[in-house]
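Chain residues, written in single-letter form:
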Amino acid sequence: MSRTVFVNGEYLPEEEAKVSIFDRGFLFADGVYEVTSVIGGKLLDFAGHAKRLARSLSELEMDSPVTEDELLAIHRELVSVNEIDEGLVYLQITRGAADRDFAYPKDTAPTIVLFTQAKPGLRDNPAASVGLKVISIEDQRWARRDIKTVQLLYPSMGKMAAKKAGADDAWLVEDGHVTEGTSNNAYIVKGGKIITRELSSDILHGITRAAVLRFAKEAQMVVEERPFTIEEAKQADEAFITSASTFVMPVVSIDETPLGDGAPGPVARRLREIYLDESLKTAI
Ligand code: PMP
């Protein structure tokens with residue numbers, strides 16, 4: 001069945017949706033995006049995603065073509081018309097179409113595109129009971145990872161390197177320390193303590209990360225925000241990742257070294273449960 005998508009103010013069948021070849025998102029990766037998950041037809045942490053979107057746009061001196069209320073209405077309409085029970089809403093805003101020039105064009109209307117992806121089983125993802133295998137690779141991305149831009153080629157290469165190695169994902173390492181996963185934030189657990197890199201321009205400020213750390217603290221768990229090495233991670237009791245599309249997902253091995261007993265750990269399992277329960281209470 002053809003999806004209905006949203007392009008520059010119009011709801012259209014996906015086959016009819018078009019963007020210019022001069023779009024700066026296409027030519028320069030001059031655009032930002034957000035992915036919001038849907039469970040039971042409701043959006044998880046929409047306000048968090050809207051806030052980060054506003055920050056990404058502002059860092060790139062780009063204007064939003066819609067208000068936050070309009071954005072919410074578009075998300076809801078797409079979830080509704082496409083009958084999404086479990087899935088994702090992808091949103092992209094670029095600087096728009098202009099004659100090719102490195103300098104930002106003046107008075108160009110931004111391009112806005114949204115589409116849904118149905119993901120039945122997102123909540124009861126079987127991967128959560130098996131856990132992920134990750135490899136470590138050098139972090140070769142640019143230095144403004146706090147801006148959620150559409151330049152995702154290195155993360156894509158990392159995912160392919162993981163696949164070729166028979167793993168599920170890659171953790172990125174810079175100056176000996178893990179920054180994050182290709183498309184998720186990275187955590188280890190040692191002696192009951194949750195350790196994850198502190199916020200800076202080295203990592204994306206995950207919306208799921210913010211929620212999970214808040215829930216962990218509310219549940220009296222100890223959180224330490226600091227960098228950790230791959231060697232420390234391999235000695236950890238357990239590990240996990242977070243993202244809007246995987247929630248909390250256990251990691252069971254790093255570079256083929258099993259963590260703990262090689263099964264998803266209790267902290268990751270508990271945090272996944274808490275995250276889903278709590279986020280669903282405020283889903284809209
Ligand atoms: N880090 C990177 C590099 C990502 O691409 C993502 C997901 N977009 C995340 C972290 C997780 O962020 P969020 O929890 O907001 O999905």
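These numbers were taken from a predicted model, which means no experiment stands behind them.

Each value, and the rule that gives it
Residues numbered from 1 in each chain as written. Predicted model: local features only at pLDDT ≥ 70, side-chain atom pairs only at ≥ 80, totals over all residues. Heavy atoms only, no water. Core = buried A, V, L, I, M, F, W, Y, C linked by side-chain atoms within 4.5 Å. Buried < 20%, exposed > 50% of the residue type's maximum accessible area, 1.4 Å probe, protein only. Helix = DSSP H or I, 4+ residues; strand = E, 2+ residues; numbered from the N terminus. Domains from an automatic or database assignment. Contact = heavy atoms within 4.5 Å. Near = heavy atom within 4 Å. Polar contact = N/O pair within 3.5 Å; in protein donor to acceptor, adjacent residues only side chain to side chain. Areas by Shrake-Rupley, 256 points an atom, 1.4 Å probe, with all protein chains shown as cover. 1 Å grid on protein atoms, 1.4 Å probe; cavity = no way out; pocket = protein on both sides within 12 Å on 5 of 7 lines; lining within 4 Å. Sits in = over half its atoms within 2 Å of the grid points. Pairing = 2+ DSSP bridges. Axes fitted to C-alpha atoms, helices over the stretch in contact; angles between N-to-C directions.

*Asks:* I'd like to hear about the nonpolar core, residue by residue, with values.
*Replies:* By size, the foremost hydrophobic cluster in this structure holds 27 residues, and its most contacted members are Leu44, Ile194, Phe240, Phe247, Val248, Leu271 and Tyr275. Counting residues per element, the ones that place at least two in this core are β3 (31–39), β5 (87–94), β10 (185–190), α6 (207–218), β14 (247–254) and α8 (266–281). The greatest single-element share of this core, amounting to six residues, is contributed by α8. Counting contributing residues per domain, this core is built from domain 1 (4–118) and domain 2 (127–282), each supplying no fewer than three. Contact partners of Phe247, with chain neighbours within four places excluded, come to Ser37, Ile39, Leu44, Leu122, Arg123, Thr208, Ile241, Thr242, Arg272, Tyr275 and Leu276.

*Asks:* If you had to explain the site of the ligand to someone new, which residues and values would you point to?
*Replies:* In the vicinity of the ligand, 16 residues are found, and the nearest of them are Arg52, Lys148, Glu180, Ile207 and Thr208. In this structure, Arg52 approaches the ligand through a side-chain N or O atom, which is 2.8 Å from an oxygen atom. One of the backbone nitrogen or oxygen atoms of Ile207 is found 2.8 Å away from an oxygen atom of the ligand. If the ligand stood free it would expose 390 Å²; the protein chains cover 92% of that surface. Counting atoms within 2 Å of the grid points, the majority share of the ligand lands in the largest pocket. Of all the secondary-structure elements, those providing two or more residues to the shell around the ligand are α6 and β13 (238–243).

*Asks:* Can you lay out the side chain of Ser37 for me, pointing to particular residues and giving the numbers?
*Replies:* Here Ser37 is to be found in strand β3. For Ser37, a relative accessible area of 1% translates into the label buried. In this structure the side chain of Ser37 is engaged in a polar contact, spanning 3.3 Å, whose partner is the backbone oxygen of Ala244. Excluding residues that lie within four positions of it along the chain, Ser37 makes contacts with Lys42, Leu43, Leu44, Gly87, Leu88, Leu122, Ala244 and Phe247.

*Asks:* If you had to explain the sheet that holds strand β1 (residues 4–7) to someone new, which residues and values would you point to?
*Replies:* Overall, antiparallel pairing links the six strands, which are arranged β2-β1-β6-β5-β3-β4 in an open sheet. The open sheet has two edge strands with one neighbour each: β2 (10–13) and β4 (42–43). Sheet analysis places β5 next to strand β6 (residues 111–118), joined by eight bridges and oriented antiparallel. Across the sheet, Tyr90 pairs through a bridge with Phe115, a residue of β6. Running at roughly 175° to β3, helix α2 (residues 46–59) makes contact with β3, β4 and β5 of the sheet.

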